[in-house]
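Coordinate analysis (summary)
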Amino acid sequence: MRAAQVPEAGGDFEVVEKPIPDPGPDEVRVAVDACGVCFSDHYTKDGVYPGIDYPRTPGHEVAGHVDAVGEDVTTWEESQRVGVGWHGSHCFTCDPCRRGDFINCEEASVTGIHFDGGYAEYLTAPQEALAAIPDDLDAVDAAPLLCAGVTTYNAIRNTGARPGDLVAIQGIGGLGHLGLQYAHRAGFETVALSRGTDKRDLAFDLGADHFVDTDAEDPADALGEMGGARVILGTAPSSDAIESVVGGLGPNGQLVVVGVPGDGVEVSIQALVGGRNTVEGWASGTARDSQDALEFSALRDVTPMVEEFSLDEAADAYAAMLDGEVRFRSVVVP
Ligand SMILES: [Zn+2]
Ligand SMILES: [Zn+2]
């Protein structure tokens, strides 16, 4: 099979021929139909995540179908359409696992980091990493939903916001253009916060009820005039952008950050204490959360905007993602 792998930390992508992997007893071999390119692939590309063995094939937005199952796998069968996301496995026995909190498993592995991911024709994955893909969802559309989709969907649905509440999506990019669709379709009064007016029309098309150009208007003031946000989803990995919206939270407001900035964020605790507000992080979800995101996306026509690349173009797909040249998700189709 062919795979676009990273030979060493910081190395350039290389497309290689290698043996098709055999699934272990509890694993499934997935034939990859499409794999999204995520900012977090830089952990593998740059070697900044602990415990990576090289060469390593990145990719944790995998949409494909079951090609073979290990001898102990009973829940998945050949040719079934499946996705694999960020959360690659859990141990079932550590304390968080014993409480059903698999995302916080102390032994959790990550797809494309601890085992080879989807920039390839095939990968093997632990059976608990698989999500079923609904029939009416195209593989290229499903792929970005396995990380960008489930992250925004799961972050929003686990807040205290209820239909009709004011929910702001800060940043209209790979994550934000999906968050906007989910927030609108889940019944929230939805605000798009974006720099400049380039994405204004698009934001309304995706379901925004309000648009705030954060270059022209202070986003905290703008949200305050609307009564304050119950939830702000921070998708742009910029500490300045995150700091600028904290004052826009209404009572019991939650700023949920899913786009991780490289440096720290300074927040006035006074501003949080007064309204009983919080600033928190959120990371993707389990495979069943991914399947919920896929099913909701099929039900309510949530569709990512993607640009397709071949496996030979994996390096271009990655570079285009880094440079922000794609609107909004690069997808590798092997
Ligand atoms: Zn990701
Ligand atoms: Zn565990």
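Residues numbered from 1 in each chain as written. Chains lettered and ligands numbered in written order. Predicted model: local features only at pLDDT ≥ 70, side-chain atom pairs only at ≥ 80, totals over all residues. Heavy atoms only, no water.

Details of the coordination of the zinc ion (ligand 2)
Surrounding the zinc ion (ligand 2) are the protein donor atoms Cys91 (SG), Cys94 (SG), Cys97 (SG) and Cys105 (SG), at 2.3 to 2.4 Å. Classification of the site at the zinc ion (ligand 2) as tetrahedral follows from its 4 donor atoms and the range of 102 to 118° in their angles at the metal. For Cys105, a relative accessible area of 8% gives the class buried. (Donors = N, O, S within 2.8 Å, 3.2 Å for Na, K, Ca; no water. Tetrahedral: all angles 85-135°; square planar, octahedral: opposite > 155°, others 65-115°. Buried < 20%, exposed > 50% of the residue type's maximum accessible area, 1.4 Å probe, protein only.)

Re the pattern of salt bridges
A full pass over the atoms with the stated rule returns 12 salt bridges. Among the ionic pairs, Asp22 bridges to Arg29, the shortest N-O distance being 3.3 Å. For Arg29, a relative accessible area of 13% translates into the label buried. With its nearest N and O atoms 3.3 Å apart, the salt bridge here joins Arg98 to Asp95. With Arg98 and Asp95 both in helix α2 (residues 95-98), this residue pair falls 3 residues apart, about one helical turn. Overall, the relative accessible area of 64% leaves Arg98 in the exposed class. Bridged by salt links that share partners, the residues Arg157, Arg288, Asp289, Asp292 and Glu295 form one connected network. (Salt bridge = Lys/Arg side-chain N within 4 Å of Asp/Glu carboxyl O. Helix = DSSP H or I, 4+ residues; strand = E, 2+ residues; numbered from the N terminus.)

Brief notes about the nonpolar core
Among the nonpolar cores identified, the biggest contains 43 residues, and Leu180, Tyr182 and Leu294 are the most heavily contacted of them. Every element with two or more residues in this core is listed here: α3 (139-157), β10 (166-170), α4 (176-185), α5 (200-206), β13 (229-234) and α9 (287-300). Sorting elements by how many residues they give to this core places α3 first, with 11 residues. In terms of domain composition, this core takes at least three residues from each of domain 1 (2-147 + 284-333) and domain 2 (159-281). Those residues within four positions of Leu294 in sequence are excluded, and the remaining contacts are Ala131, Ala132, Ile133, Pro134, Leu137, Ala142, Leu145 and Leu146. Listed in part, the 30 residues of the second largest apolar core include Val62, Val82, Val84 and Ala320. (Core = buried A, V, L, I, M, F, W, Y, C linked by side-chain atoms within 4.5 Å. Domains from an automatic or database assignment. Contact = heavy atoms within 4.5 Å.)

Here we look at the environment of Gln291
Counting through the fold element by element, Gln291 comes out in helix α9. Sequence spacing of Gln291 and Phe328 is 37 residues, and the spatial spacing of their C-alpha atoms is 22 Å. Aside from chain neighbours lying at most four places away, what touches Gln291 is Trp76, Ala131 and Ala132.

Describing the domain arrangement of the chain
By domain assignment, the chain separates into domain 1 (2-147 + 284-333) and domain 2 (159-281). Measuring from the centre of the C-alpha atoms in domain 1 to the corresponding centre in domain 2 gives 28 Å. At the surface where domain 1 touches domain 2, the tally comes to 0 salt bridges. One can count 4 residue pairs in polar contact (both at pLDDT 80 or more) joining domain 1 with domain 2. (Polar contact = N/O pair within 3.5 Å; in protein donor to acceptor, adjacent residues only side chain to side chain.)

Details of the sheet that holds strand β15 (residues 278-281)
Each strand in a sheet pairs with its neighbour through backbone hydrogen bonds, running either in the same direction (parallel) or in the opposite one (antiparallel). With respect to topology, 6 strands assemble into an open sheet ordered β12-β11-β10-β13-β14-β15, the strand pairing being parallel. Edge positions in the sheet fall to β12 (210-213) and β15, since each of these pairs with one other strand and no more. Averaged over neighbouring strand pairs, the angle between their axes works out to 20° when direction is ignored. As defined by bridge partners, β10 adjoins β13 across 4 bridges and the pair is classed as parallel. Along β13, the bridge assignment pairs Ile169 with Leu233. (Pairing = 2+ DSSP bridges. Axes fitted to C-alpha atoms, helices over the stretch in contact; angles between N-to-C directions.)

Side note on the pairing of strand β11 (residues 189-194)
With 5 of its 6 residues buried, β11 lies for the most part within the structure. Direction of pairing for β10 relative to β11: parallel, over a ladder of 5 bridges. Bridge pairing in β11 links Leu166 to Glu189. Between the parallel elements β10 and β11, the chain passes through α4 in a crossover that is right-handed. In the classification by handedness, the crossover that spans β11, the intervening α5 and the parallel β12 is right-handed. (Right-handed = clockwise from strand over helix to strand, strands pointing away.)

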